[in-house]
Amino acid sequence: MTDTTSLNANEFSRRLFERMQHPNLIRNLHTQFLYYQQDGIAVPTTLNDAVPDNCWVVSPLTQILGYAQDELPKLNSTVLRGLMRASIAVLGTPLRRAQLDKLQIFNNQCLSTNVYADAWQQINLKALRLQALQNHPDHALMLRSLNAQQNSMLMHKADQDGWLPIVNRQVYLYQNRDHWWSHHNARMDDKLLQQSGWSIRLLDADNHDDLLRAEQLYNQLYLDKYSRHNVQFTAEYFAQFSRAGLLSLYGLFNDDELLGVAGFIGVDQTITAPIIGYDTQQPQRRALYRRLMAFVIRYALDRNLTLNLSAGSPDFKRRRGGDAAIEYSYVYVRHLNVYRRATWRLLSWLSRVLYRPLLERFKL
């Protein structure tokens, strides 16, 4: 198994496209993969229409409505739960009518965070847009996982070409080793990696039992604790992507018991960790999450890479040196009918005027 950053960007995209032709590697993903080339850049692209309960990485409807449904049980107020349930029901019909899921997503790796090769900052976005619309003229176009710290040139190109920005969430970046190490919590967590009896080892792509256990550990955190609409990776996905050099998958062991898992995917100087999981039945004093996060951050910074640690656990990440960045999706909708176009414009406006201030004020 190779380090995830050892592949050049185009080889990474080619292998990703080939592997995603295999069905059911991600259980809840229903999409078609296309492959464009522009300015020498390989662009794996998802193409999809309305599929009920599709994975949110290809479905804005699931991202807006499905996640809202998952949050309802967490509300303590019966009245508030009822109001939210009614609101979701009211919103569902007009959003489905706007065919939000009828879209092509460029560079879609079907991860919580898509990573962009350095060459994307110079791409001719207009030419790529025209190429994609020539093939599928009734689909919206989307770029996910953009932030000003890493993708400022690409965001500028999208603005100039008439794309709409939509605020997604606040992510946390690790780019400076000294900044990370200056935080007391980071140093305390790092000491956990030296404790006797604990080890972190690269998992063997041919060890089916370990990969099944890794799938179970990921599911305990991301599906059982958070949302069934998260990406439902399979052990076969882990095997295929590890063998192809697309994924570096590590296990956290106490003696020989596999208790946690961390998986890295990266291109050029950017890396992300879309696969994190641990045995949630273990007592908190065993610090499984802290051990995994300490390893993930050190893994990136030891290699002088920028780590995009995605959203979630914001206070935890800030206390370990994570720098907050607002993440956007950009959509191109000028070719769509008036209703669909207006719906996307409204979502863009609401996300920028209402949602972004909430993210920043409450440090979510």
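Run through the overall build of the protein chain, naming residues and quoting values.
If you tally the helices and strands in the protein chain, you get twelve helices and eleven strands. Computed over its C-alpha atoms, the radius of gyration of the protein chain comes to 20 Å, within 12% of the 21 Å expected for a compact globule of 364 residues. In terms of overall dimensions, the protein chain has C-alpha extents of about 65 × 55 × 40 Å along its principal axes. Look at the contacts in the protein chain between residues 6 or more apart in sequence, and 77% of them connect residues 24 or more apart. Carbon and sulfur atoms make up 50% of the accessible area of the protein chain, which amounts to about 16,200 Å² in all. Put simply, the protein chain has 41 plus and 33 minus side-chain charges, and the middle of one group is 8 Å from the middle of the other.

Residues and numbers for the nonpolar core, please.
Residues Phe106, Trp120 and Tyr237 are the most contacted members of the largest nonpolar core, which totals 66 residues. The element best represented in this core is helix H9 (residues 235-243), accounting for five residues. If sequence neighbours within four positions are ignored, Phe106 has contacts with Tyr36, Val43, Pro44, Thr45, Tyr116, Trp120, Leu128, Ala132, Leu141, Met142, Leu143 and Trp163. Formed by 28 residues, the second largest nonpolar core is a distinct cluster that contains Trp180, Trp198, Leu259 and Ile276.

Account for the pairing of strand S4 (residues 140-147), naming residues and giving values.
The element S4 is largely enclosed, with a buried count of eight among its eight residues. One ladder, built from four bridges, connects strand S3 (residues 103-106) with S4; its direction is parallel. Bridge pairing links Gln104 to Leu141 in S4. Between the parallel elements S3 and S4, the chain passes through helix H4 (residues 125-135) in a crossover that is right-handed.

Explain the packing of helix H7 (residues 184-192) against helix H10 (residues 288-302) to me, and be specific about the residues and the numbers.
Interhelical geometry of H7 versus H10 gives an angle of 105° and a closest axis separation of 8 Å. When the interaxial angle is binned, H7 and H10 end up roughly perpendicular. Here H7 contributes Met188, Asp189, Asp190 and Leu192 to the contact with H10, which in turn contributes Arg290, Arg291, Ala294 and Arg298. Tallied by class, the residues present in the contact of H7 with H10 amount to three nonpolar, no polar and five charged.

Outline the packing of aromatic side chains, listing residues and values.
Taken as a whole and judged by the stated rule, the model has 22 aromatic pairs. Measuring from centroid to centroid gives 4.9 Å for Tyr289 and Phe316, while their planes differ by 55°, and the two rings are tilted. In this pair, Tyr289 sits in helix H10 while Phe316 sits in helix H11 (residues 314-318), placing the two residues 27 residues apart along the sequence. Note on Tyr289: relative accessible area 19%, which makes it buried. Of the aromatic side chains, those joined through ring pairs into one cluster are Tyr218, Tyr222, Tyr226, Phe233, Tyr237, Phe238 and Phe241.

Any chance you could break down the environment of Arg341 for me, citing the residues and the numbers?
Relative to the helices and strands, Arg341 resides in helix H12 (residues 338-361). As a C-alpha pair, Arg341 and Ala140 span 201 residues in sequence and 9.2 Å in three-dimensional space.

Please set out empty space enclosed by the protein residue by residue, giving values where relevant.
Per the stated rule, a full pass over the model turns up one cavity of 30 Å³ or more. As a volume, the largest cavity reaches approximately 40 Å³. Surrounding the largest cavity, Trp180, Ala186, Asp189, Met293, Ala294, Ile297, Phe316 and Arg320 form its lining. Secondary structure elements with two or more residues in the lining of the largest cavity: H7 and H10.

Go over the packing of helix H8 (residues 208-226) against H9 with me, naming the residues and quoting the values.
Two elements in contact, H8 and H9, have axes whose closest approach is 8 Å; the angle formed by their N-to-C orientations is 120°. The angle between the axes of H8 and H9 places the two elements in the oblique class. H9 is crossed by H8, and the crossing has right-handed handedness. Where H8 approaches H9, its residues His208, Leu211, Leu212, Ala214 and Glu215 are matched on the opposing element by Ala235, Phe238 and Ala239. Class assignment of the residues belonging to the contact of H8 with H9 gives a composition of six nonpolar, one polar and one charged.

Conventions used here
Residues numbered from 1 in each chain as written. Predicted model: local features only at pLDDT ≥ 70, side-chain atom pairs only at ≥ 80, totals over all residues. Heavy atoms only, no water. Helix = DSSP H or I, 4+ residues; strand = E, 2+ residues; numbered from the N terminus. Rg over C-alpha atoms; globule rule 2.2 N^0.38 Å. Contact = heavy atoms within 4.5 Å. Areas by Shrake-Rupley, 256 points an atom, 1.4 Å probe, with all protein chains shown as cover. Lys, Arg positive; Asp, Glu negative; His and termini not counted. Charge placed at Lys NZ, Arg CZ, Asp CG, Glu CD. Core = buried A, V, L, I, M, F, W, Y, C linked by side-chain atoms within 4.5 Å. Buried < 20%, exposed > 50% of the residue type's maximum accessible area, 1.4 Å probe, protein only. Pairing = 2+ DSSP bridges. Right-handed = clockwise from strand over helix to strand, strands pointing away. Axes fitted to C-alpha atoms, helices over the stretch in contact; angles between N-to-C directions. Parallel < 35°, antiparallel > 145°, perpendicular 65-115°, else oblique. Nonpolar A, V, L, I, M, F, W, Y, C, P; charged D, E, K, R; others polar. Phe/Tyr/Trp six-rings, centres within 6.5 Å; stacked < 30°, edge-to-face > 60°. 1 Å grid on protein atoms, 1.4 Å probe; cavity = no way out; pocket = protein on both sides within 12 Å on 5 of 7 lines; lining within 4 Å. Points joined across faces, edges and corners; volume = space filled by probe spheres on them. Left-handed = near helix turned anticlockwise from the far one by under 90°.

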